[in-house]
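Geometric and topological summary
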Amino acid sequence: MEKEKEEKEEKEKGYIVRIVKVVWLDTNEVSDGTWQSKEDLLRSKPCSIDSIGYLILENQDYVIISADKDSYNQDDLFGRSQVIPKGVIQEIKDIDEPMEPSTI
């Protein structure tokens, strides 16, 4: 019960309380600077990327996550942040507990 109260207070203050895993598709450079056959090119696929961080913002166009933040929520400073367009996101999942090694 105490944890829920703390999370509610942090939400009201605008602090981040959700840690999420975002699965998204990224571009894939499929050549190493040399010519390649159309057959090889057609076998290429986008890269699937897993990014984990504090959810800063989610709107209809994009998601912002950040890997680092002030421990005491006293500064508005964040590090290693990403803005990921919604069009490439496959899944957003809350991280509530440790993940199994096979899902990392």
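Residues numbered from 1 in each chain as written. Predicted model: local features only at pLDDT ≥ 70, side-chain atom pairs only at ≥ 80, totals over all residues. Heavy atoms only, no water.

**Regarding the pattern of salt bridges**
Enumeration over the complete set of coordinates arrives at six salt bridges. Among the salt bridges present, the one from Asp94 reaches Arg18, with a minimum N-O distance of 2.7 Å. Residue Asp94 is found in strand β5 (residues 89-94), and its partner Arg18 is found in the loop between α1 (2-13) and β1 (19-26); the two are separated by 76 residues along the sequence. According to the relative accessible area criterion, Asp94 is partly exposed, its value standing at 37%. (Salt bridge = Lys/Arg side-chain N within 4 Å of Asp/Glu carboxyl O. Helix = DSSP H or I, 4+ residues; strand = E, 2+ residues; numbered from the N terminus. Buried < 20%, exposed > 50% of the residue type's maximum accessible area, 1.4 Å probe, protein only.)

**Some thoughts on the sheet that holds strand β3 (residues 62-69)**
Strand pairing within a sheet occurs via backbone hydrogen bonds; the two strands may be parallel or antiparallel. The sheet built from five strands is open, its strands ordered β4-β3-β2-β1-β5 with antiparallel pairing. At either end of the open sheet lies a strand with only one pairing partner, and these are β4 (78-85) and β5. If you compare each strand with its neighbour and ignore which way they point, the axes differ by 40° on average. Bridging between β1 and β5 involves five bridges; their strand directions are antiparallel. Residue pairing in the sheet places Val23 in a bridge with Glu91 of β5. (Pairing = 2+ DSSP bridges. Axes fitted to C-alpha atoms, helices over the stretch in contact; angles between N-to-C directions.)

**A look at unusual backbone geometry**
With a phi angle near 50°, Arg80 is a residue other than glycine that sits in the positive phi range. Considering the arrangement of structural elements, one finds Arg80 in strand β4.

**Re the pairing of strand β2 (residues 47-58)**
Two strands pair when backbone bridges link them, and β1 and β2 are joined in this way by eight bridges, in the antiparallel orientation. Along β2, the bridge assignment pairs Val23 with Asp50. Pairing between β2 and β3: four bridges, direction antiparallel. In the strand pairing of β3, Leu57 is matched with Ile64. Taking the residues between adjacent antiparallel strands as the criterion, β2 and β3 are bridged by three residues.

**Re the packing of aromatic side chains**
In this description, a pair of aromatic rings is defined by centroid distance and the angle of the planes. Counted under the stated rule, the structure contains zero aromatic pairs. Lying across the ring of Tyr54, Lys69 places its NZ or CZ 5.2 Å from the centre. (Phe/Tyr/Trp six-rings, centres within 6.5 Å; stacked < 30°, edge-to-face > 60°. Lys NZ or Arg CZ within 6 Å of the ring centre and 35° of its normal.)

**Quick notes on the nonpolar core**
If you look at the biggest cluster of nonpolar residues, it comprises eight residues: Val20, Val22, Trp24, Leu55, Val63, Ile65, Ile84 and Ile89. Elements that contribute at least two residues to this core include exactly β1 and β3. A total of three residues in this core trace back to one element, the largest contributor, which is β1. Beyond its immediate stretch of four places on either side in the chain, Ile84 contacts Val22, Trp24, Tyr62, Val63, Ile65 and Ile89. (Core = buried A, V, L, I, M, F, W, Y, C linked by side-chain atoms within 4.5 Å. Contact = heavy atoms within 4.5 Å.)

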